[in-house]
Structures are given as structure tokens and as C-alpha cells.
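Chain and residue survey
Given next are the chains, with one letter for each unit.
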Amino acid sequence: VQLQASGGGLVQAGGSLRLSCAASGSILSINAMGWYRQAPGKQRELVATITKGGSTNYVDSVKGRFTISRDNTKNTGYLQMNSLQLEDTAVYYCNADILRRLGGVVTYWGQGTLVTVSS
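Scope of this entry: the structure provided in the associated data block. Please read all numbers here as calculations on a predicted model, not as lab measurements.

Cut-offs used in this document
- Residues numbered from 1 in each chain as written.
- Predicted model: local features only at pLDDT ≥ 70, side-chain atom pairs only at ≥ 80, totals over all residues.
- Heavy atoms only, no water.
- Core = buried A, V, L, I, M, F, W, Y, C linked by side-chain atoms within 4.5 Å.
- Buried < 20%, exposed > 50% of the residue type's maximum accessible area, 1.4 Å probe, protein only.
- Helix = DSSP H or I, 4+ residues; strand = E, 2+ residues; numbered from the N terminus.
- Salt bridge = Lys/Arg side-chain N within 4 Å of Asp/Glu carboxyl O.
- Pairing = 2+ DSSP bridges.
- Axes fitted to C-alpha atoms, helices over the stretch in contact; angles between N-to-C directions.
- Polar contact = N/O pair within 3.5 Å; in protein donor to acceptor, adjacent residues only side chain to side chain.
- Contact = heavy atoms within 4.5 Å.

**A closer look at the nonpolar core**
- Ranked by size, the top nonpolar core spans 30 residues in total, and within it Trp35, Leu79, Met81 and Tyr92 carry the most contacts.
- Put simply, the parts of the chain that give this core at least two residues each are strand 1 (2-6), strand 3 (17-24), strand 4 (27-38), strand 5 (45-50), strand 7 (66-71), strand 8 (76-81), strand 9 (90-100) and strand 11 (113-118).

Shown next, in the form of C-alpha cells:
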């Protein structure tokens with residue numbers, strides 16, 4: 001099983017980006033998915049989560065600007081980021097609780113994608 005994050009890049013403040021997190025491999029289903037970020041010199045923080053049924057949760061700093069979603073038919077999660085601010089600059093990581101065909105639920109992490117917001 002692999003988790004591939006993509007969509008990061010350089011954007012001006014006020015702009016938008018959409019991150020994707022695609023799961024592949026021997027997967028039966030995906031439970032919760034989440035996005036985390038780690039800014040330079042800071043600890044990794046939770047940004048948003050989404051359950052299999054679509055319930056979402058956000059850190060206060062991104063509420064109203066970011067939207068987490070998923071397409072269960074494609075085993076892919078998304079993070080739409082609007083009104084980006086300088087403070088959103090970070091490496092963004094996705095994770096997912098995956099029920100494997102081999103058995104058991106395992107939490108997998110994507111490799112991280114860099115989001116840089118410029119003034």
C-alpha cells in the first residue's frame with residue numbers, strides 16, 4: 001500500500017491550491033483520512049480530517065479557508081486551500097487508516113508536498 005501526496009507549489013498570498021492524496025495497492029477500504037503540516041522549526045500539526053462517511057474536522061486557523069474532501073471510488077483525498085496566508089507555508093502530509101486486503105487497519109503516510117505562500 002502506498003500513499004502519494006501531490007499538488008503543492010508556490011502561490012501568492014490570497015491564492016489557492018488543491019492537494020491530492022492517492023492511495024494505491026492492496027486496499028479493501030479507507031477509514032479516516034487526514035492532512036497535517038509542518039512549518040520550518042515547528043512541530044507537525046493536524047490541519048483537517050475526514051471520516052469515511054464524510055464528517056470533517058479542522059484546526060481553527062484554517063476553518064473557512066480549507067476544505068477537506070474525498071472520493072472513495074478513487075481512494076483519493078483532497079485538501080482545497082483558499083485564501084492562503086504566509087503562515088500556511090509548510091510541508092503538507094496526508095495520512096489514511098487503510099484496511100488492507102492482507103488484513104488489519106494500518107495508518108499510512110504520504111511523502112509530503114511543499115506549499116510555499118509568498119507575499
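**Considering the pattern of salt bridges**
- In total, this model carries 4 salt bridges according to the counting rule given.
- A salt bridge links Asp60 to Lys63; its shortest N-O distance comes to 2.9 Å.
- A salt bridge links Asp88 to Arg65, with the shortest nitrogen-to-oxygen separation between them at 2.7 Å. Remark: Arg65 occurs in the loop between strand 6 (56-58) and strand 7 and Asp88 occurs in the loop between strand 8 and strand 9; sequence separation between them is 23 residues.
- Connected through salt bridges with shared partners, the residues Arg37, Glu45, Arg65 and Asp88 form a single ionic network.

**What to know about the pairing of strand 11**
- Side-chain alternation along strand 11 places Thr113, Val115 and Val117 on a buried face and Leu114, Thr116 and Ser118 on a face that remains uncovered.
- Bridge analysis of strand 2 (residues 9-12) against strand 11 gives 4 bridges, and the strand direction is parallel. Across the sheet, Gln12 pairs through a bridge with Ser118, a residue of strand 11.
- The pairing of strand 9 with strand 11 spans 3 bridges and is classified as antiparallel. Each residue of the ladder has a partner; that of Val91, found in strand 11, is Leu114.

**Digging into the sheet that holds strand 7**
- A sheet is described by the order of its strands in space; here 4 strands give the open sequence 1-3-8-7, paired in antiparallel fashion. This sheet does not close on itself; its edge strands, each paired only once, are strand 1 and strand 7. On average, each strand axis in the sheet is inclined to that of its neighbour by 15 degrees, with strand direction left out of account.

**Observations regarding the side chain of Arg65**
- On the basis of relative accessibility, which here comes to 10%, the residue Arg65 falls in the buried class.
- A polar contact of 2.7 Å, which involves the side chain of Arg65, links it to the side chain of Asp88.
- Setting aside its immediate chain neighbours within four residues, Arg65 contacts Gln80, Met81, Asn82, Ser83, Leu84, Gln85 and Asp88.

**Section: the environment of Gly110**
- For Gly110, the position within the fold is in the loop between strand 10 (105-109) and strand 11.
- With a relative accessible area of 9%, Gly110 lands in the buried category.
- On a C-alpha basis, the gap between Gly110 and Ala39 in space is 16 Å, while along the polypeptide they are 71 residues apart.
- In contact with Gly110, other than residues within four places in its own chain, are Leu3, Tyr93 and Cys94.

**Some thoughts on the pairing of strand 5**
- As judged from the 5 bridges shared by strand 4 and strand 5, these two strands associate in the antiparallel manner. Its bridge partner being in strand 5, Arg37 is matched across the sheet by Glu45.
- Remark: 6 residues form the turn of the hairpin made by strand 4 and strand 5, two consecutive strands paired antiparallel; Gly41 in that turn has positive phi of roughly 80 degrees.
- Between strand 5 and strand 6, which pair antiparallel in sequence order, lie 5 residues; one of them, Gly54, sits at a positive phi of approximately 105 degrees.

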